[in-house]
Amino acid sequence: MVNRKAIDRKKKSAIGAALVIEFVVCVLQGLHHTWLISGMGITLMTLSFYLTLENPEALRAELVEQKMSMLYLKSQVNPHFLYNTLDTIRIQAQLNGDKKVADLLMRLVDFFRLSVKVDRPLVTLDDEMELLEAYMELMCYRYPELKCEYDIHPDLGGTQVPNFLLQPIVENSLLHGLKNRGYRGEVEISAKRTADSCMEICVRDTGSGFAEGKKAVIDEMLQSYDKQMPKLTGNSIGILNVQKRIKLLCGREYGLSYTENPGGGVTAHILLPLKEEIK
């Protein structure tokens, strides 16, 4: 009887301490967003003490969930801090009358703001194009002889596409096609309806094209996407992961493929279903 009461008192003390810590952490996080991860760590230790008294199995499950949440939040704090800081610099440049620098910083802020929105697996084509245009405007300013053209059917803006779909494909064209030519050339992004009521997005470049034997390797990788682990390092990271997300979110009949252009360079073909945004 005495032991049971003693344990109950410990639980009550742990719960009370957790509530006090949660309140203090919330106040501090509101004042200093960079303390977010540290505050979660303190709360996690208090939670561990309480759950050890209550249920060891629940402790393990809760710790896994909290660890995943902390890793996700950690991955988000730096990008948010970066684009908030860039926006402050942009405002200062504007106040100093440097419009060009302010405009470029605005596009960089736009890119980071859009790229950290990973909560939705599908976005509209308009949203995806907004991110891509911010990226390409910065790249074209950096490389004045790089040109970008768009040919997007106006009726397709509300069509849903996998989030962060096009930027890795375009970046791949720049790094593996136009870099060898000193970023002198053109990238064209187009989107149209197909005869079988699908949507095809094409990314065409005027770069150096595939090296000998490279296209066969890329084709095999894209066709056997389900037999390969997602790549985190090395070449062709973006296109394999894009292929996997298309297949997962849209279906096995859709996906990414490449053709060589008669006049040089390559074209990426992305076949997607015509699925409108739910209002």
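*Asks:* A description of the overall build of the chain should follow, citing residues and the corresponding values.
*Replies:* The helix and strand tally for the chain stands at 8 helices and 7 strands. Burial statistics for the chain: of 279 residues in total, 38% are counted as buried. Here the contacts in the chain between residues at least 6 apart in sequence split such that 64% fall between residues at least 24 apart. About 16,600 Å² of surface is accessible on the chain, with carbon and sulfur atoms providing 59% of the total.

*Asks:* Help me get a handle on the sheet that holds strand β4 (residues 185-193), residues and values and all.
*Replies:* Sheet strands associate in pairs through backbone hydrogen bonding, adopting either a parallel or an antiparallel arrangement. Ordered in space as β2-β4-β5-β7-β6, the 5 strands form an open sheet in which the pairing is mixed. Looking at strand neighbours, the two that pair on one side only are β2 (146-152) and β6 (255-260), the edges of this open sheet. Strand-to-strand twist of the sheet, defined as the mean angle between neighbouring strand axes without regard to direction, takes the value 15°. Across 7 bridges, the pairing between strand β5 (residues 198-205) and strand β7 (residues 266-273) is antiparallel. Paired with V203 across the two strands is A268, which belongs to β7.

*Asks:* Give me the nonpolar core: which residues, what numbers.
*Replies:* Membership of the largest hydrophobic core comes to 47 residues, with the highest contact counts inside it found for I201 and Y258. Take this core: its biggest share by element is 8 residues, from helix α5 (residues 125-142). For Y258, the residues in contact, after removing those within four places along its chain, are I169, N172, F210, K215, I218, D219, L222, I239, V266, T267, A268 and H269.

*Asks:* Break down the side chain of S173 for me, with residues and values.
*Replies:* Mapping S173 onto the fold places it in helix α6 (residues 166-178). A polar side-chain atom of S173 sits 3.3 Å from a polar atom in the side chain of D205. Excluding residues that lie within four positions of it along the chain, S173 makes contacts with L178, V203 and D205.

*Asks:* Could you give an account of the confidence of the model for the chain, with specific residues and numbers?
*Replies:* Here the chain averages 78 in pLDDT, while 65% of its residues score no lower than 70. Counting contacts from residues 1-7, a segment whose pLDDT is below 50, to residues more than four positions away or on other chains yields 0 contacts. Scored below 50 in pLDDT, residues 71-77 makes 8 contacts in the model with residues more than four places away or belonging to other chains.

*Asks:* Explain the side chain of H269 residue by residue, including any values.
*Replies:* Its location among the elements puts H269 in strand β7. At a separation of 3.0 Å, a polar atom in the side chain of H269 contacts the side chain of E200. Within polar-contact distance, the side chain of H269 engages the side chain of T259 at 2.8 Å. In this structure, H269 is in contact with E200, I201, C202, G255, L256, S257, Y258 and T259, ignoring residues within four places of it in sequence.

*Asks:* Outline helix α7 (residues 214-223), listing residues and values.
*Replies:* Every buried residue of α7 is accounted for by I218, M221 and L222. For α7, the angular spread of the buried residues around the axis is 95°, confining them to a single face. Exposed side chains of α7 directed beyond 90 degrees from the buried face belong to A216 and Q223.

*Asks:* Run through the packing of aromatic side chains, naming residues and quoting values.
*Replies:* Any aromatic ring pair is given by two values, namely how distant the centres are and how the planes are angled relative to each other. The final tally for this structure, using the stated rule, is 2 aromatic pairs. Plain terms: the ring middles of Y143 and Y183 are 3.9 Å apart, the flat faces sit at 20° to each other, and that makes the pair stacked. Of the two residues, Y143 is situated in the loop between α5 and β2 and Y183 in the loop between α6 and β4; the sequence distance between them amounts to 40 residues. Here Y143 and Y183 have matching classes, each one buried. Judged by centre distance (6.0 Å) and plane angle (80°), the rings of F210 and Y258 are edge-to-face. Placement of F210 in the loop between β5 and α7 and of Y258 in strand β6 is noted, with a sequence separation of 48 residues between them. The class for Y258 is buried, based on a relative accessible area of 6%.

*Asks:* Requested: an account of the pattern of salt bridges, with residues and values cited.
*Replies:* For the structure shown, the criterion picks out 8 salt bridges. Of the charged contacts in the structure, one is a salt bridge between E137 and R107, with a shortest N-O distance of 3.0 Å. A residue pair is termed long-range when its members are at least 10 positions apart, and E137 in helix α5 and R107 in helix α4 (residues 99-115) qualify at 30 residues. For E137, a relative accessible area of 39% corresponds to the partly exposed category. For R107, a relative accessible area of 17% translates into the label buried. Taking the shortest distance from any N to any O, the salt bridge between K215 and D219 comes out at 2.8 Å.

Criteria and cut-off values
Residues numbered from 1 in each chain as written. Predicted model: local features only at pLDDT ≥ 70, side-chain atom pairs only at ≥ 80, totals over all residues. Heavy atoms only, no water. Helix = DSSP H or I, 4+ residues; strand = E, 2+ residues; numbered from the N terminus. Buried < 20%, exposed > 50% of the residue type's maximum accessible area, 1.4 Å probe, protein only. Contact = heavy atoms within 4.5 Å. Areas by Shrake-Rupley, 256 points an atom, 1.4 Å probe, with all protein chains shown as cover. Pairing = 2+ DSSP bridges. Axes fitted to C-alpha atoms, helices over the stretch in contact; angles between N-to-C directions. Core = buried A, V, L, I, M, F, W, Y, C linked by side-chain atoms within 4.5 Å. Polar contact = N/O pair within 3.5 Å; in protein donor to acceptor, adjacent residues only side chain to side chain. pLDDT = per-residue confidence, 0-100. Arc of directions from axis to C-beta. Phe/Tyr/Trp six-rings, centres within 6.5 Å; stacked < 30°, edge-to-face > 60°. Salt bridge = Lys/Arg side-chain N within 4 Å of Asp/Glu carboxyl O.

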